[in-house]
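Residues per chain, in single letters:
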Amino acid sequence: CPDVRREAYRAEVLDQQMADQMRAMLANPKKGLALDRKSHVLTLSPIFQWYQDDFEQTAESVLDFILPYLPSDSDRRWLTRHRDDIDYHFFQYNWNLIGAAPCNRRPADES
């Protein structure tokens, strides 16, 4: 997931704030985007796998959705040129980052 923003989202600049968050996430090679040109592997946040249909409603593909937000023009050109030869992988999501449950309750079916 994108990092938590250090300021509140504001209606008058919301589109810019969301674009900034997307650029920052994709600039992070440990959880946003990692490109291995030699092996043609593009590794993305699992958000793009889980919500692929939503991204494809906005753009023709996940790749088309992320291209405008890539921090590197070189990566953008390379991905555009090799789009048909890319092997997509997704980072493992670390559910432990969410933290412990706020109480000791267990679901009713575990009692």
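Just above, that's the structure.
Note that the structure is a prediction, hence the values are computed from the model and not measured.

S.K.: Explanation requested: a negative patch on the surface in the structure shown.
M.R.: A surface patch of negative charge is lined by Asp53, Asp54, Glu56 and Glu60. On the secondary structure map, Asp53 appears in helix α3 (residues 52–58). Looking at Asp53, the relative accessible area reads 57%, which means it is exposed.

S.K.: Can you help me understand the packing of aromatic side chains in this one?
M.R.: By convention here, two paired aromatic rings are described through the distance between centres and the angle between planes. Tallied over the entire structure, the rule returns four aromatic pairs. Aromatic pair Phe65 and Tyr69: ring centres 5.7 Å apart, planes at 40°, arrangement tilted. Among the aromatic residues, those joined into a cluster by ring pairs are Phe48, Phe55, Phe65 and Tyr69.

S.K.: Would you take a moment to explain the environment of Asp20 for this structure?
M.R.: Turning to its location among the elements, Asp20 is positioned in helix α1 (residues 14–26). With 49 residues separating them along the chain, Asp20 and Tyr69 place their C-alpha atoms 8.4 Å apart. Within polar-contact distance, the side chain of Asp20 engages the side chain of Arg23 at 2.9 Å.

S.K.: Even after reading the chapter, I still don't get the pattern of salt bridges, so can you show me in this structure?
M.R.: When the charged atoms of two side chains lie near each other, side chains of opposite charge can form a pair. Inspection of the entire model under this criterion finds eight salt bridges. Of the charged contacts in the structure, one is a salt bridge between Glu12 and Arg10, with a shortest N-O distance of 3.2 Å. Residues joined in a network through salt bridges with shared partners are Arg5, Glu7, Arg10, Glu12, Asp20 and Arg23.

S.K.: How should I be thinking about the pairing of strand β2 (residues 41–44) in this particular structure?
M.R.: Consecutive side chains along a regular strand alternate between the two faces of the sheet. Along β2, one buried face is formed by Val41 and Thr43 and the opposite face, lined by Leu42 and Leu44, is buried too. Two elements, strand β1 (residues 33–36) and β2, share four bridges in a ladder whose sense is antiparallel. Note that in β2 the partner of Leu35 across the bridge is Leu42. What sits between the antiparallel neighbours β1 and β2 is a turn of four residues, in which His40 has the positive phi angle 60°.

S.K.: It is not clear to me how unusual backbone geometry should be interpreted in this structure. Could you clarify?
M.R.: In terms of backbone geometry, most residues other than glycine have negative phi values and most peptide bonds are trans. You will see that His40, though not glycine, has its phi angle at about 60°, which is positive. The exposure class of His40 is partly exposed, given its relative accessible area of 22%.

Reading guide: rules and limits
Numbering of residues starts from 1 in every chain and runs along the sequence as written. Residues qualify for local features only when their pLDDT is at least 70, as the model is predicted, and side-chain atom pairs are given and counted only at 80 or more; totals for whole chains, interfaces and linings, by contrast, use all residues. By convention in this description, side-chain values take in all heavy atoms of the structure and omit both hydrogens and water. Note on patches: the residues involved have over 30% relative accessible area and no salt bridge, like charges join within 9 Å, and the nonpolar side chains Val, Leu, Ile, Met, Phe, Trp and Tyr join within 5 Å. Areas reported as accessible are Shrake-Rupley estimates using a 1.4 Å probe. Residue values count occlusion only from the protein chains shown. Put simply, a salt bridge is a Lys or Arg side-chain nitrogen that is within 4 Å of an Asp or Glu carboxyl oxygen. Within this scheme the basic residues Lys and Arg register as positive and the acidic residues Asp and Glu register as negative, but His and the chain ends are omitted. All charge positions are set by atom: Lys at NZ, Arg at CZ, Asp at CG, Glu at CD. Helix numbering and strand numbering both begin at the N terminus, where a helix is a DSSP run of H or I of at least 4 residues and a strand a DSSP run of E of at least 2. Type-normalised accessible area, obtained with a 1.4 Å probe on protein chains alone, sets the label of each residue: buried when under 20%, exposed when over 50%, and partly exposed for intermediate values. Aromatic pairing here means that ring centres of Phe, Tyr or Trp (its six-membered ring) are within 6.5 Å. Orientation follows from the plane angle: under 30 degrees is stacked, over 60 is edge-to-face, and everything else is tilted. Two N or O atoms form a polar contact when they lie within 3.5 Å of each other; inside protein one atom must be a possible hydrogen donor and the other a possible acceptor, and for residues adjacent in sequence the pair counts only when both atoms belong to side chains. DSSP bridges decide pairing: two strands pair if at least two such bridges lie between them.

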